[in-house]
Amino acid sequence: MNAAVRLDNVTFGYRRHPAVHHLSGTFEAGSLTAIAGPNGAGKSTLLKGIAGEIRPLSGEIALTGVATRDIAYLPQIAEIERSFPITVLDMVALGGWREAGLFGRIGKDVLKRAETAIASVGLSGFEDRPVGTLSGGQAQRALFARVLVQDSRLILLDEPFAAIDSRTTADLLAILTRWQGEGRTVIAVLHDHDAVRTHFPSTLLLARECVAWGPTVEALRPEHLLTARRMCEAFHDDAPICQAGEGHS
Amino acid sequence: MDWIFGPFADPATARALAACIALAFGGAPIGVFLVLRRTSLIGDALSHAILPGVAIAFVFAGFSVLWMTIGGLAAGLAVAILSAAASRVTTLREDASLAAFFIISLALGTLLVATFGTDDELLHILFGKVLEMPDAALMTVAGVATATMAVLALIYRPLVLECFDPGFLRSAGLTGALVHFAFLSLVVLSLVSGFQALGTLMAVGLMMLPAIAARFWSDSAGGQIGVAVGLTIAAGFLGLVVAHHAGTPPETTIVLTAGVFYLVSLAVGPRGGIAGRIVRLRHLEA
């Protein structure tokens, strides 16, 4: 079964200040959606919310076809302890740990998948290197490989190409498209509007509130981008309590 | 030869060596993980934290291995739980809450021993008497080492994940809290067992020094554990020999031997030792 995410009037925030305000809509099963918007628009917050890392201040998230713990989530800044002595192969194979269980042995099958994943992100030959010796971009590719091994129905990527060169970005974008072909649901936060236009059929343009959500051509129209750019980033300490009711979106 | 192996003809010294070997297998892997988690000082803090439990047991039951073990475990686990819980429900980080709780515990323990015991007994608890270990103490050390290795084998992968990528462990649904707590319990267990041989202050030395030194010899977690176990056994062996001939207290001599191993590793260790910064090898082609 394909995974879908339905947001029902969801508000996420920090210390009662909304970062994502009254958002409703659905990431359809098998869709490939980009989330775009200015800095501080709530893009990462929304992904964290879907991944179950933070709870909404109000509203509801409904997942179908996938359990929260089965979501593959690649955060913008992974809390990785880079000095930890672990090889690239071991790190990527950890993506298969749900099959192996917490205590079981990592099987040949998972190791093989890990090797394939490493090859498809262009890291062949790095299998036995300690993760700490990778460059920033290489480390990001290794994390991408781990997502490949996780084999999840729902994949959340936060700025996956931030430190990656154009050749690898092209390779990884091809993987995204392949994932969609396999029926997976992919949601990625991206800044590069050109990449969004070429590779993502649908887009959510976010500026704390939803500016546009639909086919990419529609969502990224100049007037929408202008509206998004006008968003005020700062919170107000004396902002009044939001009175918007259930019907607001 | 006799200079080296002669001391072990004395059964007390041989038993002390047996205790060190058990401590090596039980304590060194824990030390390595503490270093990898960048929480090397937690061992030190928890070693102080077990004192009031040991003291209370000592006040009521004298030098009873069983009761001092139970008391130390209870006090150590209480401090570990309280500080872990405090750091999870407040904005304080674990090191801050641990610092607060362990110092309360240490003050309480010192007060108890000072009120009900003698200075000599306080020194015994703080620095241990490795040459006068009763059978029960030796069995405790061996038992804890066995249990620690079994538990470590079981939680090795989640523990590595918790050190390396806690966010991933969280997103995969299993909170790090459980693994975190299991690991802290192992630290306490290891310290309580080490205290039987070396006293509360020196036990942490034999757990941490070889573990820190091992970082200069290996790039893998498994390799570091192996090196640390080897160094701990060597420190116990050499320390006992030197103490026998020089007439120094064996507990501190063992820990100082481990200290020398650390300094040597720091100087010439192939993985980031100082020598590597001075002697510069010519670079490769690719």
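Scroll up to find the structure this text is about.
Residues numbered from 1 in each chain as written. Chains lettered and ligands numbered in written order. Predicted model: local features only at pLDDT ≥ 70, side-chain atom pairs only at ≥ 80, totals over all residues.

Peer 1: Honestly, the overall build of chain B in this entry has me stumped. Any pointers?
Peer 2: The helix and strand inventory of chain B stands at 13 helices and zero strands. In chain B, the succession of α and β elements from N to C terminus is α-α-α-α-α-α-α-α-α-α-α-α-α. In terms of C-alpha radius of gyration, chain B reaches 19 Å, essentially the compact-globule figure of 19 Å for 286 residues. Summarising its shape, the C-alpha atoms of chain B cover approximately 65 × 55 × 30 Å along the three principal directions. Looking at the 286 residues of chain B, the share that counts as buried comes to 49%. (Helix = DSSP H or I, 4+ residues; strand = E, 2+ residues; numbered from the N terminus. Rg over C-alpha atoms; globule rule 2.2 N^0.38 Å. Buried ≥ 20, exposed ≤ 12 C-beta atoms within 10 Å, placed from the backbone.)

Peer 1: Teacher, can you tell me more about the sheet that holds strand β4 (residues 58-64) of chain A here?
Peer 2: Residues and elements named next belong to chain A. Taken in spatial order, the three strands of this open sheet run β2-β1-β4, and their pairing is antiparallel. A single partner strand is all that each edge strand has here, and the edge strands are β2 (17-27) and β4. The average angle at which neighbouring strand axes cross in this sheet is 20°, direction not considered. Note that strand β1 (residues 4-14) and β2 share seven bridges and pair antiparallel. When the sheet's bridge partners are listed, Arg6 is paired in β2 with Thr26. In the packing of helix α1 (residues 43-51) onto the sheet, contacts are made with β1, β2 and β4, and the angle to β1 comes to roughly 120°. (Pairing = 2+ DSSP bridges. Axes fitted to C-alpha atoms, helices over the stretch in contact; angles between N-to-C directions. Contact = placed C-beta atoms within 7 Å.)

Peer 1: Is there a simple way to explain the interface of chain A and chain B in this structure?
Peer 2: Much of the literature gives interface size as the accessible area that the parts lose upon coming together. Between chain A and chain B, the contact holds 19 residues from the first and 19 residues from the second. In terms of residue class, the side of chain A that touches chain B is made up of 14 nonpolar, no polar and five charged. (Nonpolar A, V, L, I, M, F, W, Y, C, P; charged D, E, K, R; others polar.)

Peer 1: Whenever I open this one, the environment of Asp192 of chain A confuses me. Can you help?
Peer 2: Take Asp192 of chain A: it is sitting in the loop between β7 (185-189) and α7 (193-199). Along the sequence, Asp192 of chain A and Phe161 of chain A sit 31 residues apart, while their C-alpha atoms lie 9.2 Å from each other.

Peer 1: Would you mind showing me how to read the sheet that holds strand β9 (residues 209-215) of chain A here?
Peer 2: By definition, the strands of a sheet pair up through backbone hydrogen bonds, in either a parallel or an antiparallel sense. All names here are of chain A. Here we have six strands laid out as an open sheet, ordered β5-β6-β7-β3-β8-β9, and mixed in their pairing. Edge positions in the sheet fall to β5 (72-74) and β9, since each of these pairs with one other strand and no more. Averaged over all pairs of adjacent strands, the angle between their axes in this sheet comes to 15°, without regard to strand direction. The strands touched by α1 are β3 (32-36), β5, β6 (154-158), β7 and β8 (202-207); relative to β6, the strand with the most contacts, the crossing angle is about 150°.

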